[in-house]
Amino acid sequence: MHEFIDYIQSYLKTKDLTPGGDGNIFWATVYILLVFVGLSVAVIAMNWLERKILAHMQVRLGPMRVGPHGLLQPIADAIKLLLKEDIIPSEADAAIFWVAPFMVVLSAFTVFVVVPFGPAHAITDMNIGILFMLGVSSLSVLGIVMAGWASNSHYPLIGALRSSAQMVSYEVAMGLAVVSVIIMTSLNLDGVGSLSMIEIVKQQQAQGMWFIFKFFPLGLVGFVIFAIAMVAETNRAPFDLPEAESELTAGFHTEYSGFRWSLFFLAEYSAMIAVSSIAVTLWLGGWLRPFPNWLNGTTWDLVFSFFPGLTFLFFAAICFFNTVRMPKHPLFKIQTMGLAGFGVVLGLIGLAMFYGPVRERVGDIYWFSAKVAAFMYLYIWYRGTFPRYRFDQLMKVGWKVLLPMGLALLILTAGVGMRTELWAQVQEVLHK
Amino acid sequence: MTDPNTLSPLDLDTPDKTFLDANELVINMGPQHPATHGVLRVILRLDGEKVMGLECVIGYLHRGVEKIAENRTYTMFNPYVDRMDYVAAVSNGLGYCEAVEKLLNVEAPARAQYIRVILTELNRIASHQLWLGTHALDIGAITPLFYTFRDREEILKIFEKYCGARLTTHAFRIGGLQYESYDGFEKDVRNFVNFVKPKIDEYEELLTTNRIWLERTKGVGVISGPDAIALGVTGPVLRASGVKWDIRKALPYANYKNFDFEIPTGQSGDTYDRYLVRMVEMRQSLRIVEQAVEGIPEGPIMAKVPKVIKPAVGEIYHSIEAPKGELGYFIVSDGSTQPYRIRVRPPSFVNLQALDVMCRGQLVADVIAVIGTLDIVLGEVDR
């Protein structure tokens, strides 16, 4: 047992390599499990937050019955979905119908292999990381087409066709924006760029700025292109045509129910988290805390390392505040105690995060998650604000606006990046 | 523009002989569908996502209201009309009561007329709010629905305080009103007017200049003025096509000639214009309500109407401007206590036949937008 603990501690001390890069199968498995569990919890939390935030935007309360402030609602929903009858329509192509949701979930989860939560907090660090992410995440379109086709029904078929066209066309603009970042990573002394997710973040630190501010406004434009394309890529409002409820009832998953449906749901939310992670890694400095170069030194490190604990204490304080505001009627006794208990758990987590060894290791994960969470809020905000695009307009935005913008951005980024070389060439020509 | 007379009905039995045959898809939308506003069934013939033609199948909510009328006395039939356009029940009641009053040759007293106008205009606002919420929801904007329902609630509260019912109000009686306005009625109405004015700005803020909203509604479901007239379309749909026809101005009834208000019209006859027309109409209704509540005269609320209503042999057609268009009642009396025949001209039913003209050549998503913009209530279409 002691040897085991020693082993863990000795591993945690060497924190410059990812388990995959280290070739350490045991730790890679542990990380995979951690990411899987963390992601599932994030999806559950996201489900609750989306319903709550959207509800408050729409002058209503949202879930309030299951648990205090509906905190247990996602769990109740999950249980309901698991207990539902498993229906495969008699006319459906059973085998493909069965495989499709797994296909979607598989691609949505696999991309997290290369997501860097910290310099050593990734399952592995591939030298083609970003290509791997884009490639695997676009596999989900296959699952959606399979679902639409196998349902053998008109609405899912149209939904699947829309979805595939949409995802394929927005991938182009997305790719161009990504390439502009890869050009930026090569602007170092070696002149060598990288596709590795970890290297991209390290370059942002080395070059002293997040790539969103690089060559202002070029980095910003690339970020905006990606931010629009990623909403379309994940089929969320205002680009949620594949599942446009008012037109196609539920799009490609109309015929799905119960557990299979919940897999689509899980995949949609983890895909949202995945593309947000790409955006955070590429433009917003990944795991880097704000101003890592400007406000450096041990004092600032210490100050910023208090943030995770303070955040959890803040959430705990919200819980306690609402515990006090709970109705005093005996009927609400269990709910009040539940909310207080939830606050205590959050508070304990927060306090644990002030403990030295924990504090030093959660900083990366905290800043990464905070940035991703900001994107998640954006997704919810979009959904509360925008009407839905029509299919042809969606295509128009993708091909006629974002694609030319992406191309121009690519050329401009390359030109601005190589301006000294270009200038030297011009001078040479002038001399002749 | 397409001439409605040349439109061929959908022939669903014989296959199309064009080489595009393989791309054709016949889709059955409804009667259970989230965006057909009830139990409308639309059979769409699609080429990809493009609508080649469509056919409405109605009757899923048919309750035989017109036939029921033949077995009820004039007074007994009054609550039934509320069940046709159930989101604008007060207007239905006004149309029916005025039609029977015309048949009896009596006129409701001035005080009753004013209260009728206030309630009817409030109901117009409520109906438009419901339309706006559901229409925006169909186009994908979910938030306006909750805003409009929050504000519509205040109108329903006034109805509830006045007559005890919120939706199917049965607010008016033949010859005037049954209930005197309650204490604080004027204050409630004035408060509501002040409350809802900024709220309408709020709806407009969300939608009027929203790029996606503009793209989804401009040039969608266009119907020209002559086409609209030929199809018998009335109400905001007709006015958005540039035809200034509002029965409140054209054939004034119920004291409307005493009020100062404007009839908004559009030019292009597309979904966006219909949206703007209805938004202005809400504001104009508020203007009418404001004037009416200032000038409620004292006096009786019921005209001298016999206990047993037995109109002389004859027939009458009377129409009013309901929120959705011209709502007409054609009543034939055989001199007995029961009408010989009542025929209702519901605006939704007539407006619905423009759906095919407005949707041909557009995309599936536009069918939803057009159904929403026509503002149909299936209770009224099927009766």
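Just so we're clear, the structure is a prediction, and the values are computed from it rather than from any experiment.

Asks: Let's hear about the overall build of chain B: which residues, and what values?
Replies: The secondary structure content of chain B amounts to 15 helices and eight strands. For a compact globule of 383 residues, the expected C-alpha radius of gyration is about 21 Å, and chain B comes in at 21 Å, within 12% of that figure. Principal-axis analysis of the C-alpha atoms gives chain B an extent of 70 × 50 × 35 Å. The 383 residues of chain B split such that 50% are buried.

Asks: So what's going on with the overall build of chain A? Residues and values would help.
Replies: Across its full length, chain A carries 18 helices and zero strands. Relative to its length of 432 residues, chain A is compact, with a C-alpha radius of gyration of 24 Å against a globular reference of 22 Å. In terms of overall dimensions, chain A has a C-alpha envelope of 90 × 60 × 45 Å along the principal axes. Counting all 432 residues of chain A, 42% fall into the buried class. Long-range pairs, those at least 24 residues apart, make up 78% of the contacts in chain A with a sequence separation of at least 6.

Asks: A description of the sheet that holds strand β3 (residues 50-57) of chain B should follow, citing residues and the corresponding values.
Replies: Residues and elements named next belong to chain B. Taken together, the three strands give an open sheet; going across it, the order is β1-β2-β3, and neighbouring strands pair in antiparallel fashion. Where the open sheet ends on each side, the last strands, each with one partner, are β1 (24-29) and β3. The sheet shows a mean angle of 20° between the axes of neighbouring strands, taken without regard to direction. One ladder, built from seven bridges, connects strand β2 (residues 41-47) with β3; its direction is antiparallel. From the neighbouring strand, Asp47 faces β3, where its bridge partner is Lys50. Sitting on the sheet, helix α14 (residues 364-374) touches β2 and β3, and the angle it makes with β2 is about 150°.

Asks: Break down the interface of chain B and chain A for me, citing the residues and quoting the values.
Replies: Counting residues at the interface gives 26 residues for chain B and 22 residues for chain A. Along the lines of polarity and charge, the residues of the side of chain B that touches chain A split into 17 nonpolar, four polar and five charged.

Asks: I'd like a rundown of unusual backbone geometry, residues and numbers included.
Replies: Residue and element names in this part refer to chain B. Positive phi values are uncommon outside glycine, yet Asn255 reaches one of about 70°. The exposure class assigned to Asn255 is partly exposed, which follows from the 16 C-beta atoms found within 10 Å. A positive phi is found at Arg383, a non-glycine position, where the angle reads about 55°. Looking at the element boundaries, Arg383 is found in the segment after α15 (378-382).

Asks: Provide a residue-level description of the nonpolar core, including the pertinent values.
Replies: Most often, soluble globular proteins keep nonpolar side chains buried together rather than apart. The biggest cluster of nonpolar side chains holds 213 residues, and the ones touching the most others in it are Ala229(A) and Ile118(B). A per-element tally of this core places helix α12 (residues 258-283) of chain A first, with 15 residues. Each of domain 1 (4-57) and domain 2 (65-382) of chain B accounts for three or more of the residues forming this core.

Asks: A description of the domain arrangement of chain B should follow, citing residues and the corresponding values.
Replies: Residues and elements named next belong to chain B. For chain B, the assigned domains are domain 1 (4-57) and domain 2 (65-382). Inter-centroid distance (C-alpha atoms) of domain 1 to domain 2 is 30 Å. Across the boundary between the two partners, domain 1 contributes 17 residues, which contact 21 residues of domain 2. Contributing elements (two or more residues each) for the side of domain 1 that touches domain 2: β2 and β3. With five residues, the single largest contributor to the side of domain 1 that touches domain 2 is β3. Split into classes, the residues belonging to the side of domain 1 that touches domain 2 amount to eleven nonpolar, four polar and two charged.

Asks: Talk me through the pairing of strand β6 (residues 314-322) of chain B; I want residue IDs and the actual numbers.
Replies: All names here are of chain B. As defined by bridge partners, β6 adjoins strand β7 (residues 325-333) across nine bridges and the pair is classed as antiparallel. In the sheet register, Ile320 faces β7, and the bridge partner there is Leu327. Linking β6 back to β7 in an antiparallel pair, the connection comprises two residues.

Asks: Explain the environment of Ile320(B) residue by residue, including any values.
Replies: Structurally, the position occupied by Ile320(B) is in strand β6. Remark: the alpha-carbon pair of Ile320(B) and Val65(B), spanning 255 residues in sequence, is separated by 19 Å.

Asks: I'd like to hear about the sheet that holds strand β8 (residues 339-345) of chain B, residue by residue, with values.
Replies: Residue and element names in this part refer to chain B. Spatially, the three strands line up as an open sheet ordered β6-β7-β8, and their pairing is antiparallel. Each edge of the sheet is formed by a strand with only one pairing partner; in this case those strands are β6 and β8. Strand after strand, the sheet turns through a mean of 15° between neighbouring axes, direction not considered. Against the sheet, helix α3 (residues 89-104) touches β6 and β7, its axis set at about 150° to β6.

Asks: Let's hear about the packing of helix α5 (residues 143-163) of chain B against helix α6 (residues 185-207) of chain B: which residues, and what values?
Replies: Residues and elements named next belong to chain B. Running from amino to carboxyl end, α5 crosses α6 at an angle of 170°, the nearest separation of the two axes being 10 Å. Here α5 is positioned roughly antiparallel relative to α6, judged by the angle of their axes. Here α5 contributes Thr143, Pro144, Tyr147, Thr148, Asp151, Glu154, Ile155, Ile158, Lys161 and Tyr162 to the contact with α6, which in turn contributes Phe185, Asp188, Val189, Phe192, Phe195, Val196, Lys199, Glu202, Tyr203, Leu206 and Leu207. For the contact of α5 with α6, a count of residues per class yields 13 nonpolar, two polar and six charged.

Asks: Before we move on, could you go through the pairing of β2(B) and cite the residues and values that matter?
Replies: Residues and elements named next belong to chain B. Note: β1 against β2, six bridges, orientation antiparallel. The residue bridging Glu24 from the neighbouring strand is Asp47, located in β2. The antiparallel pairing of β2 with β3 creates a hairpin that spans two residues between the two strands, and Gly48 there sits at a positive phi of about 70°.

Asks: Help me get a handle on helix α15 (residues 333-352) of chain A, residues and values and all.
Replies: All names here are of chain A. Across its 20 residues, α15 extends 28 Å between first and last C-alpha, which sits within 8% of the 28 Å expected from 1.5 Å per residue. The complete set of buried residues in α15 reads Gln335, Leu339, Phe342, Gly343 and Leu346. Along the long axis of α15, the arc covered by the buried residues comes to 100°, so they all point the same way. In α15, the exposed positions that point more than 90 degrees away from the buried face belong to Lys333, Ile334 and Leu348.

Asks: Requested: an account of the environment of Ser194(A), with residues and values cited.
Replies: Residues and elements named next belong to chain A. As for its position among the elements, Ser194 is in the loop between α8 (154-185) and α9 (197-206). On the basis of neighbour counts, which here come to 18 C-beta atoms within 10 Å, the residue Ser194 falls in the partly exposed class. Measuring from C-alpha to C-alpha, the distance between Ser194 and Pro327 comes to 57 Å, with 133 residues separating the pair along the chain. Setting aside residues no more than four positions away along its own chain, Ser194 makes contact with Thr185, Glu199, Ile200 and Gln203.

Asks: Before we move on, could you go through the packing of helix α10 (residues 218-233) of chain A against α12(A) and cite the residues and values that matter?
Replies: All names here are of chain A. Running from N to C, α10 and α12 point in directions that differ by 175°, and their axes come no closer than 10 Å. Classed by the angle they form, the pair α10 and α12 counts as roughly antiparallel. Touching Gly219, Phe223, Phe226, Ala227, Met230 and Glu233 of α10 are Val275, Ala279 and Trp283, all from α12. Among the residues forming the contact of α10 with α12, the class breakdown is seven nonpolar, one polar and one charged.

Asks: I'd like to hear about the confidence of the model for chain B, residue by residue, with values.
Replies: Low-confidence regions, as indicated by low pLDDT, have predicted coordinates that should not be scrutinised in detail. Mean pLDDT over chain B works out to 85, with 94% of the residues at or above the 70 mark. The complex prediction reports pTM at 0.83, with the ipTM value standing at 0.79.

Rules behind the numbers
Residues numbered from 1 in each chain as written. Chains lettered and ligands numbered in written order. Predicted model: local features only at pLDDT ≥ 70, side-chain atom pairs only at ≥ 80, totals over all residues. Helix = DSSP H or I, 4+ residues; strand = E, 2+ residues; numbered from the N terminus. Rg over C-alpha atoms; globule rule 2.2 N^0.38 Å. Buried ≥ 20, exposed ≤ 12 C-beta atoms within 10 Å, placed from the backbone. Contact = placed C-beta atoms within 7 Å. Pairing = 2+ DSSP bridges. Axes fitted to C-alpha atoms, helices over the stretch in contact; angles between N-to-C directions. Nonpolar A, V, L, I, M, F, W, Y, C, P; charged D, E, K, R; others polar. Core = buried A, V, L, I, M, F, W, Y, C linked by C-beta atoms within 7 Å. Domains from an automatic or database assignment. Parallel < 35°, antiparallel > 145°, perpendicular 65-115°, else oblique. Expected span 1.5 Å × (residues − 1). Arc of directions from axis to C-beta. pLDDT = per-residue confidence, 0-100.

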